[in-house]
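# Report on the structure
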Amino acid sequence: QAKHKMNSLEDRILKLENKEAIRDLKHEIYCYCIDLIVSGVDKKKLILDHLTERVVADFTGFPLIEGKAAVAEFLFETVPSILSYSQHRVSNSVIKVRGKAASALWYVDCPVVFKSENKLGIKGSAFIAGRYEEEFIYEEDKWKWTKITALLDTVQQFDENWNSAKQLLKNR
């Protein structure tokens, strides 16, 4: 049986609820919304509401991006100018909550399709794998990103596998 510090049950439940809120933030507000934005669906407001004014984004292969407006431009303009399809999958979350601050580590596996003309010069479908290391603060009754680091270990092209992938919004 795990030993717990003598925190109250209420404190321990609050910590679990905060971890779950951060997990939901990553899964729904980041992964799902970015995948929809890449496919042309406007989900920008949901993400904007969860970025601090001084948020920093550091993605492998791109310059450091500082400030909410610059991060929004990267997520809403640069990423969709490179990709026509993405399917973010994050796993193995390690979330640490310290009062109104938190950090998280996620492994990411992301099948993508690159637009035929893009600034990276990569063509066709690929698989991106790596990790996200993130920092959060709790303000205005919600968790917000203060830092998003994407450590992208590999971008492995496929000859065929994902070339015809499209974001399906419904089956019928």
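Placed above this text is the structure.
Residues numbered from 1 in each chain as written. Predicted model: local features only at pLDDT ≥ 70, side-chain atom pairs only at ≥ 80, totals over all residues. Heavy atoms only, no water.

Here we come to helix H3 (residues 68-82). Here H3 contains 15 residues, and its C-alpha end-to-end distance of 20 Å stays within 8% of the 21 Å for a straight helix at 1.5 Å per residue. The largest bend along H3 reaches roughly 30° and is located at Phe74. Among the residues making up H3, those that are buried are Lys68, Val71, Ala72, Phe74, Leu75, Phe76, Thr78, Val79, Pro80 and Ile82. Buried-residue contacts for H3 involve helix H1 (9-38), helix H2 (44-48), strand E1 (51-59), strand E2 (65-66), strand E3 (83-86) and strand E5 (101-114). (Helix = DSSP H or I, 4+ residues; strand = E, 2+ residues; numbered from the N terminus. Expected span 1.5 Å × (residues − 1). Bend = angle between axes of the 7 residues up to and from the residue. Buried < 20%, exposed > 50% of the residue type's maximum accessible area, 1.4 Å probe, protein only. Contact = heavy atoms within 4.5 Å.)

It is worth spelling out unusual backbone geometry at this point. With a phi close to 55°, Asn92 is a non-glycine residue in the positive phi region. On the secondary structure map, Asn92 appears in strand E4 (residues 89-98). Overall, Asn92 belongs to the exposed group, its relative accessible area being 55%. Unusually for a residue other than glycine, Glu140 sits at a positive phi of about 55°. Following the sequence through the fold, Glu140 ends up in the loop between strand E6 (125-139) and strand E7 (142-157).

Further remarks concern the pattern of salt bridges. Side chains carrying opposite charge are able to pair once their charged atoms draw close together. For the structure shown, the criterion picks out seven salt bridges. A salt bridge links Lys45 to Asp49; the shortest N-O distance between them is 2.8 Å. Overall, the relative accessible area of 27% leaves Asp49 in the partly exposed class. The partner of Glu139 in a salt bridge is Lys144, and the shortest N-O contact between them spans 3.5 Å. Among the residues examined, Glu139 registers a relative accessible area of 29% and is labelled partly exposed. Looking at Lys144, the relative accessible area reads 5%, which means it is buried. One continuous salt-bridge network, built from bridges that share partners, spans Glu139, Glu140 and Lys144. (Salt bridge = Lys/Arg side-chain N within 4 Å of Asp/Glu carboxyl O.)

If you look at the biggest cluster of nonpolar residues, it comprises 42 residues, and the most contacted ones within it are Ile22, Ile47, Tyr132 and Trp145. When contributions to this core are tallied by element, the ones reaching two or more residues are H1, E1, H3, E4, E5, E6 and E7. Examining the composition of this core, we find that nine residues originate from one element, H1, more than from any other. Setting aside chain neighbours within four positions, we find Ile47 in contact with Ile29, Cys33, Ile34, Ile37, Leu75 and Phe76. (Core = buried A, V, L, I, M, F, W, Y, C linked by side-chain atoms within 4.5 Å.)

What follows covers the packing of aromatic side chains. Applying the stated criterion across every chain, the model contains eight aromatic pairs. Plain terms: the ring middles of Phe59 and Phe74 are 4.9 Å apart, the flat faces sit at 55° to each other, and that makes the pair tilted. Here Phe59, found in strand E1, pairs with Phe74, found in helix H3; they are 15 residues apart in sequence, far enough to count as distant. Summarising the burial analysis for this pair, Phe59 and Phe74 share the class buried. One aromatic cluster is present, formed by Tyr30, Phe59, Phe62, Phe74, Tyr132, Phe136 and Trp145 through successive ring pairs. Residue placement shows Lys26 over the ring face of Tyr30; its charged tip is 3.9 Å from the ring centre. Residue placement shows Lys26 over the ring face of Tyr132; its charged tip is 3.4 Å from the ring centre. (Phe/Tyr/Trp six-rings, centres within 6.5 Å; stacked < 30°, edge-to-face > 60°. Lys NZ or Arg CZ within 6 Å of the ring centre and 35° of its normal.)

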